[in-house]
Amino acid sequence: MADSSFDIVSKVDHQEADNALNQARKEIEQRYDFKGTDASIEWSGEAVLIKASTEERAKAVLDVFQTKLIKRGISLKSLESGDPVPGSKEFRITSTIKDGISSENAKKISKLIRDEGPKSVKSQIQGDELRVQSKSRDDLQEVQRLLKAADLEVDLQFINYR
């Protein structure tokens, strides 16, 4: 019998992220506590640019955006935000949405599987994802439980289970 396998990926649905940003923008335009603060949120290429007149308002806009992401099923582990940076008249926060598993995180995950997972399981890094193989499907499910329980700094999904 051939080996069973699955892939570990970290992908973000960009349409859902765009929907979350648009919902956050609408809420910021309508909320009374944002009136007169020149608060805004918008895409700047692949990054999200948050602007507001004070540092506290900029953080509040980020909080609204994070709430909308959670409601849309996007993990906050996929969002990387900087600190508010003062500009000429406003504070800015630049956030990026991480897609894919970085090579150092892939190495950490692979090492975790090697050290704590069942011995029959093999993992290999393929670009920004990992392929996990074993003869036993039970061992693969054990690896999934192990990775879900581990506190990693990336949001993981398991796909192509065969």
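Residues numbered from 1 in each chain as written. Predicted model: local features only at pLDDT ≥ 70, side-chain atom pairs only at ≥ 80, totals over all residues. Heavy atoms only, no water.

Caption draft 1: Looking closely at the pattern of salt bridges. According to the stated counting rule, one finds 15 salt bridges in the structure shown. Between D7 and R131 there is a salt bridge, with its nearest N and O atoms 2.5 Å apart. Within this pair, whereas D7 is found in strand β1 (residues 4-9), its partner R131 is found in strand β8 (residues 129-134), the two being separated by 124 residues in sequence. Where E142 meets R145, a salt bridge forms, and the shortest distance between an N and an O atom there is 3.1 Å. Highlighted residues: E142 and R145, both in helix α4 (residues 137-149), separated by 3 residues, approximately one helical turn. Residue E142 is classed as partly exposed on the basis of its relative accessible area, which comes to 37%. On the accessibility criterion, R145 (49% relative accessible area) is partly exposed. Overlapping salt bridges, with partners in common, bring together E27, R31, D33, R57 and K68 in one network. (Salt bridge = Lys/Arg side-chain N within 4 Å of Asp/Glu carboxyl O. Helix = DSSP H or I, 4+ residues; strand = E, 2+ residues; numbered from the N terminus. Buried < 20%, exposed > 50% of the residue type's maximum accessible area, 1.4 Å probe, protein only.)

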